[in-house]
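Architecture at a glance
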Amino acid sequence: MTLIQEMPVNSPFPVLDSTIVTWKQISLPDNTSKIISLQLSKNNSLVLTLKNRVWQYRDNTTWEIVASSPNSGSISQYLIGDTVTYVIVNSLAYEMKLGTSGWKAIPNSSFVDLAVVDGDTLWGINEAGYLHQYTPGSNWIKAEIPPLKLWKSNQSVGIAAKGNNFWFGLKFRAKQLFEQDKNPIARETIWQLQKENQDETQLYRQIDITENINLLNLSGKPFGPFGQLCITADGILYASTEQGVWQRSLSNLDNNNPGWQQLRSQPGNIRLFPLSNSSLLTYNSRSQELLWWNNQTWYSIPTPPHEISSAVLVGDSLYITGNNTLSAISIKTAKSMEPPQPRMATYLNLGKLSTAIYCQNQLFVTNENTLFQIAATNPEPIAAIPLSTPAFDISHSSDKTNQNSENIFIATQGELLKYSISENILKTVFINPTPPQKARVDSDRDFTAYLTDKTIRIFDNSNHNLVTQITISADFVEDIAIKNNQLYVVGYNNQRNAQKKQPVQSAFLRCFQITNTLTQLWQTWGFSGNELGNDMADTRMYRVVANDSEVAVLGESAGGNTAYRWNGKDLSTSTLVTYDMFNNAFDAKSAHFSYYAIVDASTGTVKRGQFSIPRQLPSSSRSNTNRVRSLAFDENNVYIGTFSSFQISNRDFVKFLGQKPPIYKDGDAALLKVPNNLKVRDFWFTPGNGQVLFFDSNCTVINVAANTPHNPLLNGIGRVNQEDAYVIIW
């Protein structure tokens, strides 16, 4: 597939812009009374129900009383119909026409524990599990449905009604039904009650619509608690389980009805809030993740300041209540959880690539023997420069003598090369005396650092003279970065814990001051085997990138009991940022998964770090492998490319080029973007099988093997009949 589309760089996502708004607390009319609910009136005003009064927010400035509780009782529910409102007080139902004052008790409505309104029709369930229906001017009628006795109102996780249909969701399967049926396919959890006749008698047909919904718990075992059931204004049912969020059409008669469709693999007990524009808000109280589904795309909303018990959307303003607090934020702060639309996404037909970098709005890549220069909107190379030996790594910097001139440095098996973009000239900086097994290069304004195996050479960018060199004392030296005359080196050592008689690998990050010599300033991690104690999981460090004040690193941990939990200086000061099962290392065993961290450049102290852990869902919550491949870092974001086993969070539901990824096979090329504070994921997705070579804010390059199974995203027109590279230009 080739897609070329002209779009402004960093253009706003469709539907939403990038307005920066923070949560704002709204003053309550009465701080002494408990908040019961928040709703939207028929004239689109905010309606706040407290324990003893109902208030309306006029012109977003003033609260005024709509009604007081009948008989001074405690309100448990307030419901707004088309022409009438209802209130449940001490399990009794009352009605009042809109625009009037004075409550009227509904006869025979005692013991109403749970109610919902559709139009002007009130549906209620009492504590014994009996369903009743009431229309203004008629009687409170009991529906004849004997099995409903099994469903106590306190077992409900949501009721909904529309027309002649009523839906009821159970928190758990009824005990009697569970004992009769041990089959792991959970049923009898979501029921639809459909009126059988058109007269006034209340005869209903019961329909089990649990169907294909996944009710396994987080460990992949039957049965997890059902989360919640709700309905939007346009008649779409939504449900949540411990395995995700689901939606379903109301029609049971349509042969084309696919049943429940999963929208998101979102672990945990998710709260659902249908909004006035028929969109959906979801809230995970464990992670405090607040998401918005606009019927096409998921968006992330800044973490709320408190728990959420109700939510209302008024225009662009989102209001929430919780912990007896009312807060608001603009919905325009929401950020799409899908990657932005690329300007170009296509194969390059250049075979397998060895290095890639994006600068001056151009892509530079190397295959086995050539450096290619490619424009951002056309996959055809505009320049091809022969290389004498294979390339290992590539970097870029501004010319020390000419700030407008950009240079590309290439670490090859035979030499260190410098390519001037403006002059289109390739020069040799250094010839290796012995061909290395691996090489890395990084360049700043003044110096270029060149790593061959374990030896690092520093070159002056103005004259290419060798300034100094050092051989790192370590078992594995993996990467280097250079910034502000400081050199950063990462790798790991084979160690042994004598007391436990176990081998262990221990990662390190070292910083050197560049002068005429290299002086070590500090080291992060680098613990001996005997020091590790209860942190005996192997740690490896593979990538490092630096800016003026911080250093970003990327490595792997073989399990959760690891030195990466701490600040790199001791084994007691925690620095991990966790909020869900994909970065909290429980049930981790010994699978290698990625770890990234932000380190203080002046001291080497880890400021914050995070794991990135695939899970074997839905069959198990056990961790899976996530091998690191690439790292990029700017002032605001971290970009991590990995080779992931099944499956990353929400794998099957994040779209790229309008399509979901193909069925998993043999490993995913996974692309993760997180902000500097690591508190959320901006996106985490895979276009399918492949190896990430390069990934930053501008570009992604993925090597795709020749025998990759059919993939509508990574097996498109123009692919050569061999391993090739797929490029995405954002």
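Just above sits the structure.
About the cut-offs
- Residues numbered from 1 in each chain as written.
- Predicted model: local features only at pLDDT ≥ 70, side-chain atom pairs only at ≥ 80, totals over all residues.
- Heavy atoms only, no water.
- Helix = DSSP H or I, 4+ residues; strand = E, 2+ residues; numbered from the N terminus.
- Contact = heavy atoms within 4.5 Å.
- Polar contact = N/O pair within 3.5 Å; in protein donor to acceptor, adjacent residues only side chain to side chain.
- Core = buried A, V, L, I, M, F, W, Y, C linked by side-chain atoms within 4.5 Å.
- Buried < 20%, exposed > 50% of the residue type's maximum accessible area, 1.4 Å probe, protein only.
- Pairing = 2+ DSSP bridges.
- Axes fitted to C-alpha atoms, helices over the stretch in contact; angles between N-to-C directions.
- Lys, Arg positive; Asp, Glu negative; His and termini not counted.
- Salt bridge = Lys/Arg side-chain N within 4 Å of Asp/Glu carboxyl O.

**Section: the environment of Glu550**
Structurally, Glu550 can be placed in strand β49 (residues 550–558). For the pair Glu550 and Phe633, spaced 83 residues apart in sequence, the C-alpha to C-alpha distance is 9.7 Å. Among residues more than four places away in sequence, those in contact with Glu550 are Val545, Ile598, Val599, Ala601, Lys607, Arg608, Phe633 and Asn676. A distance of 3.1 Å separates polar atoms of two side chains, one belonging to Glu550 and the other to Asn676.

**Observations concerning the environment of Tyr564**
Topologically, Tyr564 is positioned in the loop between β49 and β50 (592–600). Sequence separation between Tyr564 and Arg540 is 24 residues; the distance between their C-alpha atoms is 9.9 Å. Beyond its immediate stretch of four places on either side in the chain, Tyr564 contacts Ala507, Trp525, Thr539, Arg540, Met541, Gly555, Glu556, Ser557, Thr575, Leu576, Tyr595 and Phe611. Looking at Tyr564, its side chain comes within polar contact range of the main-chain oxygen of Arg540, at 2.6 Å.

**Here's the deal with unusual backbone geometry**
Looking along the chain, the bond that leaves Phe646 and enters Gln647 is cis, with omega of -5°. Position of Gln647 relative to the elements: it lies in the loop between β53 (637–644) and β54 (668–675). In this model, Asp453 sits at a positive phi of 55°, which is unusual for a non-glycine residue. Within the element layout of this structure, Asp453 appears in the loop between β41 (447–452) and β42 (455–460). Of note, Leu678 is a non-glycine position whose phi angle comes to about 65°, a positive value.

**Some points on the nonpolar core**
Nonpolar side chains tend to gather and get buried jointly when the protein is soluble and globular. In this structure, Leu363, Phe364, Ile408 and Val701 are the most contacted members of the largest nonpolar core, which totals 31 residues. The element best represented in this core is strand β32 (residues 355–359), accounting for four residues. Counting 28 residues, the second largest nonpolar core, distinct from the first, contains Ala507, Trp522, Met536 and Ala563.

**Quick notes on the sheet that holds β53**
An order of β52-β53-β54-β55 is seen for the four strands of this open sheet, with the pairing classed as antiparallel. Since the sheet does not close on itself, it has two edges, and those belong to β52 (626–633) and β55 (683–685), each with one partner. When strand polarity is set aside, the average angle formed by the axes of neighbouring strands in this sheet is 15°. In this structure, β54 lies alongside β55, joined through three bridges in antiparallel fashion. Bridge pairing in β55 links Lys673 to Phe683.

**So, the sheet that holds strand β3 (residues 35–40)**
Strands sit in the order β3-β4-β5-β6 across an open sheet of four strands; the sheet is antiparallel. In this open sheet, the two strands that pair with only one neighbour each are β3 and β6 (62–68). For this sheet, the mean inter-axis angle between neighbouring strands, taken without regard to orientation, is 25°. Pairing between strand β4 (residues 46–50) and strand β5 (residues 53–58): four bridges, direction antiparallel.

**Considering the side chain of Asp120**
Residue position: Asp120 is located in the loop between β11 (112–118) and β12 (121–126). One buried charged residue, Asp120, forms no salt bridge at all, with the nearest opposite charge on Lys42 at 7.1 Å. Once residues within four sequence positions are removed from consideration, Asp120 is found in contact with Gly81, Asp82, Thr83, Val84, Tyr86, Tyr134 and Pro136.

**Quick look at the pairing of strand β23 (residues 270–274)**
Here β23 runs beside strand β24 (residues 280–284); their pairing, made up of five bridges, is antiparallel. Bridged to Leu272 within β24 is Thr282. Turn length for the β23-β24 hairpin, with the two strands adjacent in sequence and antiparallel, is five residues, and the turn residue Ser278 shows positive phi of about 65°.

**Regarding the pattern of salt bridges**
Within this structure, the stated rule accounts for 17 salt bridges. Close ionic contact of Arg445 with Asp446 constitutes a salt bridge, the shortest N to O distance being 3.7 Å. On the basis of relative accessible area, Arg445 is assigned to the partly exposed category, the value being 41%. Here Asp535 makes a salt bridge to Arg565, at a shortest N to O gap of 2.5 Å. Of this pair, Asp535 sits in the loop between α2 (529–532) and β48 (539–546) while Arg565 sits in the loop between β49 and β50, placing them 30 residues apart in sequence. By sharing partners, the salt bridges in this structure join Lys335, Lys673 and Asp682 into a single network.

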